[in-house]
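# Fold and contact review
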Amino acid sequence: MSIFRNRAATAAIVAVAAGALTLTACGGGGSDSSAKDNSKTKDDAKSQSKPVQIGDVKASTGPAAEIPGAKPGGTVSVYQEDDFSHLDPGQTYVSDGKLLGRLIFRGLTQYDEDDQGNLTVVGDLATDAGKTTDGGKTWTYTLKDNLKDENGNPINSADIRHTVERLYSSFITDGPTFLQQWLSGAGTTYRKAYDGPFKGKHLPNNVLETPDDKTVVFHFKTAQPDLPQMLTMPGYAVVPVETDTKEKYDQDPVASGPYKIADFKPGKSMKLVKNTQWDPKSDSVRHQYVDGFNIEMNHDDEDQTKTLLADQGEAKNAMMFTGQVATTQLQKVVSDKAAMKRTIQGYAPYVWQLNFNMDRVKDKKLRDAITLALPATAIYKADGGAYGGEVANSLTSPTTPGYREDFDPFNRHKKPNGDIAAAKKLIDEGGFAGKKLVYAYANSPVRQQQAVLITDALEKIGLDIQKKEIDAATWYEQVGKVNNGLDLYMTGWGQDWPSASTVVPPLYDGTQIQDGASNYSHINDKHVNSEIQRILQITDTDEATKAWAELSEYIAKEVNPAAPIYYTKVFQIFGSNIGGLRYSSDSSYVDVTRIFLKK
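In this text the structure is predicted, and so the values were computed from the model without any measurement.

## Examining the pairing of strand S18 (residues 488-493)
- Most of S18 sits out of view: six of its six residues are buried.
- Pairing geometry for strand S14 (residues 343-356) and S18, over six bridges, is antiparallel. Note that in S18 the partner of Leu 354 across the bridge is Met 490.
- Strand direction decides the pairing type here: strand S16 (residues 436-442) and S18, joined by two bridges, are parallel. For Tyr 439, the partnering residue across the bridge sits in S18 and is Leu 488.

Below, the structure is given as structure tokens:
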């Protein structure tokens, strides 16, 4: 998850890729060779690179504009393949957690999106997207009036301070670290500066200041013009002081958004009901049309697609969150005109890649051989075919500013389904024949199918692959451990806001290696580390974009810590009674804030 750099304080426009997300529990999709391909293309991805605007007080004032035809009432069923890995906002950095977060949490800022996918950063709990008087070093936020959590407790500046300070606590391991690093030091050094608020100490006022109940001031050593966009992330949603239960908060969080959790059975179901303390007058981006959401886990893409396509009974009122049309069902969906009217499509910002644990897979020639051997076409087709993705030539997505189609170090354009001969040549040259490698994959149907394809290819070039299946619900927690005991594992990553600064540093900065961090390959290259710190100080958008692109290409070609496999597209289907359907270039899935039942 990562993104581009907005270089102005307020009322500015950044002509960069608008597509946001967070780490990636991207689901599978569906296709077969007989289906006509009307899926999204790289041209669509390029068209998503629209200006991001910074909203003023008026744009941040609720209530949100009414959705044409929207009606109140009823309960929506949501089908999910896996449980949510975290409910604590500070631990949330994956896609399904973001969608849930949009319904139950609020932060200082949020994206407002129009029907063309244009994004404007507006004040959420704050009155606007933020004000700065010194080019981005100092940011001031004023809270809106009459904000309350689900228990009726007022939300004030002390809650925002607490929300930020708790992110330094040792039990927060899996959420974003942008804000902590910007305030208190790059890499993992912020952890040495402060260890959280639970011992009665606060961050000093020259870092974080709350002069009164309504005012929050961030003080940075260097300009951080991207702060308004960064604060839209679910990882920075408010956690009220009075109700913070530390580690236990991950099972029972307190809502500030239009819905709250009424019942949660881990691994099985979750029931959301209206949060009666939420005031629509304070919220310019969310609605509360339906009475609630019944979320059911353990429905894989195949099950979801068949049920929603049949559109019988309860399924008429049902939807996907991060599920996608299953590969085996794609032909049925695309050939059904009525069904296609209740689908959405989009070109997502994710890149699926095979990470090399560089603590264990140390020889670049071996990494290059594996990269060349990967059958990228077959792998992405298992995750939705033409409607689920396309072959990746780069570690950055076509939605990311600076992406170059002509950069192709592993000959993906001419050999999209792998080059076994070239890979075998490197294996023989390096004497790697018979080498054992532990390949881990999630226990979802798509990842299991891809594991077969990857294993077969790597065994063809002479490697001895030991497969290890991991629970999909805890996938990122397991592979995110520094001592994970694994050699190869796939992850997906998409920009958090439009900038490669949210792709390259979190994935490839060696100073960020720690349990829960996103440097899954454990790359720790001196040149890469120093270049990251240099580029982060560049204040010219075009110059920074060019520098990030050059560094990303260096990483792929000269180091190769991860093999790019495929870019992702989104293709989802919904019950016929679900209204307000729209693809969100912010969440990269359905826009959950608009959902209503037609009757």
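## Here we look at the side chain of Gln 512
- Relative to the helices and strands, Gln 512 resides in the loop between helix H16 (504-508) and helix H17 (526-536).
- A distance of 3.3 Å separates a polar atom in the side chain of Gln 512 from a polar atom in the side chain of Gln 181.
- Once residues lying within four places of it in the same chain are set aside, the contact partners of Gln 512 are Thr 177, Gln 181, Gly 187, Thr 188, Pro 505, Pro 506 and Ala 517.

## A word on the sheet that holds strand S13 (residues 318-320)
- The five strands are arranged S10-S11-S12-S3-S13 in an open sheet whose pairing can be described as mixed. In the strand order of this sheet, the two ends are held by strand S10 (259-265) and S13, each with one partner. Taken over all neighbouring pairs, the strand axes of this sheet differ in orientation by 25° on average, direction set aside.

## Some words on helix H7 (residues 301-310)
- What H7 keeps buried is the set Asp 301, Gln 304, Thr 305, Leu 308 and Leu 309. Down the axis of H7, the sector holding all buried residues measures 115°, keeping them to one side.
- As for H7, its buried residues are in contact with strand S3 (75-79), S13, helix H8 (330-334), helix H9 (337-340) and strand S19 (562-573).
- Between a side-chain oxygen at the N-terminus of H7 and the backbone nitrogen of Glu 302 the separation is 3.2 Å; the capping residue is Asp 300.
- Two residues or fewer past H7, Asp 311 is found with a positive phi of approximately 55°.

## Details of the environment of Ser 588
- By secondary structure assignment, the location of Ser 588 is in the loop between strand S20 (578-579) and strand S21 (596-597).
- You can call Ser 588 buried: its relative accessible area is 0%.
- Considering only alpha carbons, one finds Ser 588 and Lys 569, 19 residues apart in sequence, at a separation of 8.8 Å.

## A closer look at the nonpolar core
- One finds Leu 179, Phe 218, Leu 227, Met 230 and Leu 463 to be the most contacted residues of the largest nonpolar core, which totals 106 residues.
- A per-element tally of this core places helix H18 (residues 541-559) first, with seven residues.
- Dropping the residues within four chain positions of it, Leu 227 is found in contact with Trp 139, Tyr 141, Leu 179, Trp 182, Phe 218 and Phe 220.
- Within the second largest apolar cluster, 47 residues are counted, among which are Ile 104, Met 270, Tyr 387 and Ile 578.

## Looking at the pattern of salt bridges
- Overall, the coordinates contain 28 salt bridges when judged by the stated rule.
- Where Asp 586 meets Lys 98, a salt bridge forms, and the shortest distance between an N and an O atom there is 2.8 Å. Placement of Asp 586 in the loop between S20 and S21 and of Lys 98 in helix H2 (residues 95-104) is noted, with a sequence separation of 488 residues between them.
- You can call Lys 98 buried: its relative accessible area is 3%.
- Salt-bridge contacts for Asp 244 lead to Arg 166; the nearest nitrogen and oxygen are separated by 2.8 Å. Placement of the pair is Asp 244 in the loop between helix H6 (227-230) and S10 and Arg 166 in the loop between helix H3 (157-165) and helix H4 (178-184), with a sequence separation of 78 residues. For the pair Asp 244 and Arg 166, a shared accessibility class is recorded, and that class is buried.
- One network of salt bridges, in which partners are shared, links Arg 106, Asp 124, Asp 283 and Arg 286.

## Thoughts on unusual backbone geometry
- Geometrically, the link from Gly 62 to Pro 63 is a cis peptide bond, its omega value of 0° lying close to zero.
- Note that Pro 63 resides in the loop between strand S2 (52-54) and S3.
- Phi angles above zero are rare outside glycine, and Asn 146 is one such case at about 60°.
- Tracing the sequence through the fold places Asn 146 in the loop between strand S7 (138-142) and H3.
- Given the relative accessible area of 62%, Asn 146 is considered exposed.
- Of note in this structure, Ser 588 is not a glycine but carries a positive phi near 70°.

## Things to note about H17
- Listed as buried for H17 are Val 528, Asn 529, Glu 531, Ile 532 and Ile 535. Angularly, the buried residues of H17 cover 165° about the axis, an arc narrow enough to put them on a single face.
- Buried positions along H17 lie against H16 and H18.
- Near the N-terminus of H17, the side chain that reaches the backbone nitrogen of His 527, with its oxygen 3.0 Å away, is that of Asp 525.

## Overview of the environment of Gln 478
- By the element assignment, Gln 478 lies in helix H15 (residues 475-479).
- In this structure Gln 478 touches Ile 470 and Asn 484, once residues within four positions along its chain are discounted.

## Things to note about the sheet that holds S14
- Taken in spatial order, the six strands line up as S15-S19-S14-S18-S16-S17 in an open sheet, and their pairing is mixed. Each having just a single partner strand, strand S15 (389-391) and strand S17 (464-470) make up the two edges of the open sheet. Looking at each pair of strands side by side, their axes are set apart by 30° on average, direction ignored.

Thresholds applied
Residues numbered from 1 in each chain as written. Predicted model: local features only at pLDDT ≥ 70, side-chain atom pairs only at ≥ 80, totals over all residues. Heavy atoms only, no water. Buried < 20%, exposed > 50% of the residue type's maximum accessible area, 1.4 Å probe, protein only. Helix = DSSP H or I, 4+ residues; strand = E, 2+ residues; numbered from the N terminus. Pairing = 2+ DSSP bridges. Polar contact = N/O pair within 3.5 Å; in protein donor to acceptor, adjacent residues only side chain to side chain. Contact = heavy atoms within 4.5 Å. Axes fitted to C-alpha atoms, helices over the stretch in contact; angles between N-to-C directions. Arc of directions from axis to C-beta. Core = buried A, V, L, I, M, F, W, Y, C linked by side-chain atoms within 4.5 Å. Salt bridge = Lys/Arg side-chain N within 4 Å of Asp/Glu carboxyl O.

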